Amino acid sequence: MREREDQSNQISPLQLLIRRKCIYLTFSEETKGRSNRVRGHSTQLSVAMAPPPPQSHRSPSPSQPSGKSEVSDLKSQLRQLAGSRAPGADDSKRDLFKKVISNMTIGIDVSSLFGEMVMCSATSDIVLKKMCYLYVGNYAKVNPDLALLTINFLQRDCKDEDPMIRGLALRSLCSLRVANLVEYLVGPLGSGLKDNNSYVRMVAVIGVLKLYHISASTCIDADFPATLKHLMLNDPDTQVVANCLSALQEIWTSESSTSEEAAREREMLLSKPIVYHLLNRIKEFSEWAQCLVLELVSNYIPSDNSEIFDIMNLLEDRLQHANGAVVLATVKLFLQLTLSMADVHQQVYERIKAPLLTQVSSGSPEQSYAVLSHLHLLVMRAPYIFSSDYKHFYCQYNEPSYVKKLKLEMLTAVANESNTYEIVTELCEYAANVDIPIARESIRAVGKIALQQYDVNAIVDRLLQFLEMEKDYVTSEALVLVKDLLRKYPQWSQDCIAVVGNISSKNVQEPKAKAALIWMLGEYSQDMHDAPYVLESLVENWDEEHSSEVRLHLLTAVMKCFFKRPPETKKALGAALAAGLADFHQDVHDRALFYYRLLQYNVSVAESVVNPPKQAVSVFADTQSSEIKDRIFDEFNSLSVVYQKPSYMFTDKEHRGTFEFADELGNLSITAESADSVVPAQQVEANDKDLLLSTSEKDEGREPGSNGSAYNAPSYNGSSATSQPLADLAFPSTGISGQAPASNLAIDDLLGLDFSVGTATTPSPPPLNLNPKAVLDPGTFQQKWHQLPISLSEEYSLSPQGIASLTTPHALLRHMQSHSIQCIASGGQSPNFKFFFFAQKAEAASMYLVECIINTSSAKSQIKVKADDQSSSPAFSTLFQSALSKFGLP
Amino acid sequence: MLQCIFLLSDAGEVMLEKQLSRHCVDRSICAWFWEQAISLGDSFKQQPVITSPTHYIFQVFRDGITFLGCTQVEMPPLMAIEFLCRVADVLNDYFGALKEDILKDNFVIVYELLDEMIDNGFPLTTEPSILREMITPPNMVNKALSIVTGSSSNVKDTLPRATASCIPWRTSEPKYSNNDVYVDLVEEMDAIINRDGGLLKCEIYGEVQVNSHISGLPDLTLSFKNPSILDDVRFHPCVRFRPWESHQILSFVPPDGQFKLMGYRVRKLMSTPIYVKPQLTSDGGTCRLSVLVGTRNDPGKTIDSVTVQFQLPPFIISADLTSNHGTVNILDKKTCIWSIGRIPKDKAPSMSGTLVIETGLERLHVFPSFQVGFRIMGVALSGLQIDKLDLKNVTYRFYKGFRALTRAGEFEIRS
């Protein structure tokens, strides 16, 4: 063993010293404006010091030209040197070229020097040539006429004996990208493709692609694609082959839209011989070219399983490659190949796990992030495979927060029975993290784990500990979680309530947390002895509460509390309703008014509306649909994974449109919900007192709609399904007075829904109770209708008033709905109407399906009843008849 | 495929612009980027993939230089990032360091390099040894030589033969009077230690770095005494896969010069070479902090460059910290660094003092994490040992040198 000097890439002190001296030297010479010779030799240094005087270095706006004088100065100097063949001329030229290019780089327009630059470029010095190519490439596009000047010397260089110069000249020639010069490209490209040096061929191949983009027809006419194909299959140099592949892919893909032959050729690239030809040489390809080939192969469809295994065996060592891009491309290929073989697919996951984890820990932060995004996708797809590697997803203090966020999500996903304890312990560490957003995320993660696990004992304790940590944001997040937890596991209420009860509402500021706390106060007011008083103090501070969400929750909570402990809450309720009615926020105002009316009507009804018995939530909705997740998976190794969206969501405008539309629908339904609770006072009174008037009002309100064909057409409406959640606050059937038909109808029209609540007259308590919120979708209805036998078939007479009111089917629908009989389809025109109704027995699953044909001229209706529970169908029939007979009666 | 590459200085100035496709990317995107970077701060600067109104931008940030890659089309993000990282590595390799003024001094070389590394948005070659064959790096020897000979071209006269050879990483057949190969094991230890001293996670990421100067076309084999401890490995393209798979032997034709032969990971290590024990007690508006550092399992070599760094929690208004060994500095942004250097044999270094908490707060709720740095020369803590290095295909004698080094990676102690 021999100890050596630390040989990192540091410059030795000696070098530094010399370098500094040089800088000093050049600088002093520069300022004195002395000899050309020395400057020429220490060019690299002088450039930095020389071009545009000091301000260029730290200039706030580098694009500001630093004056014309310098450019014209350069111009005259270049002109002097142009024809010079003096020994030192090249060095001086080089110096000047550097100044020009550095000006160009800084953003100063030096295009006026074009002529002089071209004149000076007749030289054998390759560096000068390179700089000139760079310059020409930059300005040729704006100066097509002048570019013609350069063609000549570039073409000459394309025949130079040095292959490097040939290559460079050809590359520059193709990079001019001036459309009217394409005729000069074909010749050099053709000979470039046949050059005996691979460097030139490699450049020429890409040149063909560049030509294609300037002028597709020229490229096709010269039959270059065929030449490329020949090269791809026969060239000994792999870089040439790779460039051919990339060029052909691009050319044929864009040609295929117009030419069938090109489409066929593109398919040919994916044919077995070509794919095998490339795969067999894959180890000779450069790492980047390997990515290209792997990407191509991932679109190839092997004929049978043994072929798949052959490919995987051949490429397995690519997973060990030092270049992360190769590893990821291989991973993608393996995943795609095995999609149809479940067990092998799983083995692939096992196999790629280690390489991916190594990539994460070995690269730069940027690389780790890209790999981690992909790992995230895989972990989300198959968390159980990674569940033993959970420690890899522990966050380090120094990691940027977007990495931590990904890791937190992965920790959440991989949690299972065996590692939950460790993971939750780790997450709790982050709750005390300095980085507050991450602390929040980690608390949420604990909550998510709690919601996805069966055994939550330990987690609940941890969550409750958060509540005692006395940090605002921790308390806030924990409150929201405890609320969700209680919705899923009501059995934990005792433990949670004991802790939540100790939290002073004054310490909770965030709207979400406050709303959660208030929800719990309302929901569990019987267990929290001071709930009414806490709520009362919150109501007292009504005006200071800025969030409407909190105020809405407060209203509901006070109501719930009132039902459980009326004497203690009465005062708070009064104050809350008063404050709510005076609230400027429409929703709050409306909800308060709604509650007020409800209470006025009947307290027990109000309770069944506001605080009905709840079912525990079994699964909370996932934010991303599995279809979207699959799409992202199909686009493995692309930007989609980093953005966690399929590409159509952030690239294609057309698709984005439909999503915006979906959002709009969502908003609409929200407004519909809030509008449901709108009960304009005068309307209610009108409905109560004068039903005829209200009906006519309703008809007026409906008029614009009934003219529309959609409205009249027999509509199979799924509305009962969709409208039900909207009608959360709607009335049960037992005969409470009306809805706001006008506003409701407007919304119904918009949504194409057929939802409305009619008014009821004095109903005699029926022997059979129906579920006012029965839900049935048309498909199920149809299915049931076909399955069930007819249990009753009857004919009724209709009252003349009823016939008079039956101008359109909708009037009856609304009427029947108020009797808890929902319509699923209706149609017909006077005198014949046909309806399909359904109803559900209260607190039972059994359904009644009715076909009802009404003939208004004979005032008869024929009904056919089908029922799950046949024994009760006579009772239902009676009920139906009594409901029908009341139609049109005041 | 990338459409454009920009290099930005620390002040947001465009140092270099390289258009790669027919769609010219306007420079104004850099101004947009910089505005975002200033207004959004560090979190934005660290985000590798950004969406601008017109382009997707990949950014890699190295030593004050921002490398931006712009594209409008879908491409593998890792490929772009990996490529930009390689550009940074190659430039670093060429100029010895990535500095604004050095890059500006050498911008012509940077252009030349980019020209060879990427064409039409698709990466060509990023192998430093091949690039060196095509474009000579600037160094003092060349400079002196050019002054003497009067030729100052930094472009080699001949094309590297490797562009036509089937061993893309090895350029030509160099000739050396002294043939030598040096193999280094460089390991980084990542660890998380709990507040109760428990080792939550401890693993090592190591690299086998080789510096080879051998004439001709040598075929090397390197074997380890205990390859079974390696959890996962990744190789330089020169390593043949089959010998490793069957016998865990590294068989390869090395590139010329310095390269990373292999990267590896060793998980589930049971101990760390040093311990750091922080203690925080807070009461009545002040907080007492003491940190003890010492050797835990003597690795047999001296541990040096030991540092302990932590962020003072928010709500701390002042700190008074002293140590019995080394120096304590509080930098801006409330970062506190305790530089210990070498751990003395006779005493355990300790740092203690008080932190004053903002009025109104009694106790500390947020506890800092301590990041520890150290370096141990001569030892690979994973326990990996090189067995032997053999050379085939050549007749001459050559010198072999081995060396090992372990340093702290993300070594973190929670309190």
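Starting from 1, residues in each chain are numbered consecutively following that chain's sequence as written. Chain A is the first chain written and ligand 1 is the first ligand written, with later ones labelled in order. Per-residue local features of the predicted model are confined to residues with pLDDT of at least 70, and side-chain atom pairs are confined, for both listing and counting, to 80 or more; whole-chain, interface and lining totals are unaffected and use all residues. Just so you know, side-chain values use all the structure's heavy atoms and leave hydrogens and water out.

By the naming in an unreviewed UniProt entry, chain B is MHD domain-containing protein, taken from Sphenostylis stenocarpa. UniProt, in the comment section headed Subcellular location (unreviewed entry), describes chain B in these words: "Endomembrane system". UniProt positions are given in the numbering used here, feature names are shortened, and annotations may be inferred rather than shown by experiment. The record in UniProt for chain B states the following under Sequence similarities (unreviewed entry): "Belongs to the adaptor complexes medium subunit family."

An unreviewed UniProt entry annotates chain A as Beta-adaptin-like protein originating from Sphenostylis stenocarpa. Turning to chain A, the UniProt annotation filed under Subcellular location (unreviewed entry) states: "Endomembrane system". In UniProt, chain A has this text filed under Subunit (unreviewed entry): "Adaptor protein complexes are heterotetramers composed of two large adaptins (beta-type subunit and alpha-type or delta-type or epsilon-type or gamma-type subunit), a medium adaptin (mu-type subunit) and a small adaptin (sigma-type subunit)."

Participant: What exactly am I supposed to notice about the sheet that holds strand S22 (residues 386-392) of chain B here?
Facilitator: The strands making up a sheet are joined through hydrogen bonds of the backbone, oriented either antiparallel or parallel. Residues and elements named next belong to chain B. Strands qualify as paired when DSSP identifies two bridges or more between them. Runs of H or I in DSSP of at least four residues are treated as helices and runs of E of at least two as strands, each being numbered from the N terminus. Pairing is antiparallel in the open sheet, where three strands are placed in the order S12-S10-S22. Of all the strands in the sheet, the pair left with one neighbour each is strand S12 (249-252) and S22. Mean inter-strand twist for the sheet, computed between neighbouring axes without regard to direction, equals 15°. Two elements, strand S10 (residues 219-224) and S12, share four bridges in a ladder whose sense is antiparallel. Opposite Ser223, over in S12, you have Ile249 as the bridge partner. Here an axis means a line fitted to C-alpha atoms, over the contact stretch when the element is a helix, while the angle between two N-to-C directions is reported on a 0 to 180 degree scale.

Participant: Teacher, can you tell me more about the pattern of salt bridges here?
Facilitator: Definition used for salt bridges: Asp or Glu carboxyl oxygen within 4 Å of a side-chain nitrogen of Lys or Arg. Using the criterion set out here, one finds 41 salt bridges over all chains in the structure. Among the ionic pairs, Lys283 of chain A bridges to Asp317 of chain A, the shortest N-O distance being 3.1 Å. With a gap of 34 residues between them, Lys283 of chain A in the loop between helix H17 (272-280) and helix H18 (287-297) and Asp317 of chain A in the loop between helix H19 (305-315) and helix H20 (324-337) connect regions that are remote in the sequence. The salt bridge involving Asp184 of chain B is made with Arg403 of chain B; its shortest N-O contact spans 3.0 Å. Here the residue Asp184 of chain B occupies a position in strand S8 (residues 180-193), and Arg403 of chain B occupies one in strand S23 (residues 399-414), the gap between them amounting to 219 residues. A relative accessible area of 2% means that Asp184 of chain B is categorised as buried. Each member of the salt-bridge network shares a partner with another, and the members are Arg171 and Lys210 of chain A together with Lys18, Asp115, Glu116 and Asp119 of chain B. Each residue's exposure class comes from its accessible area (1.4 Å probe, protein chains only) as a fraction of the maximum for that residue type: buried when under 20%, exposed when over 50%, partly exposed otherwise.

Participant: Can you walk me through the interface of chain B and chain A in this structure?
Facilitator: In many reports, interface size means the accessible area that the parts give up when they come together. Contacts between chain B and chain A engage 111 residues on the former and 114 residues on the latter. Accessible-area loss on putting two parts together, using a 1.4 Å probe and summing over both, is the definition of buried area adopted here. Summing both partners gives a buried area of about 10,100 Å² for chain B against chain A, and 53% of it is carried by carbon and sulfur. On the chain B side of the interface with chain A, the three residues burying the most area are Arg22, Leu78 and Arg234 of chain B, jointly 7% of the side's total. Where chain B packs against chain A, one counts eight salt bridges. As a salt-bridge pair, Glu287 of chain A and Arg86 of chain B come within 3.1 Å of each other at their nearest N and O atoms. Examining the composition of the side of chain B that touches chain A, we find that ten residues originate from one element, helix H3 (residues 77-95) of chain B, more than from any other. Should any heavy atoms of two residues lie within 4.5 Å, those residues are considered in contact.

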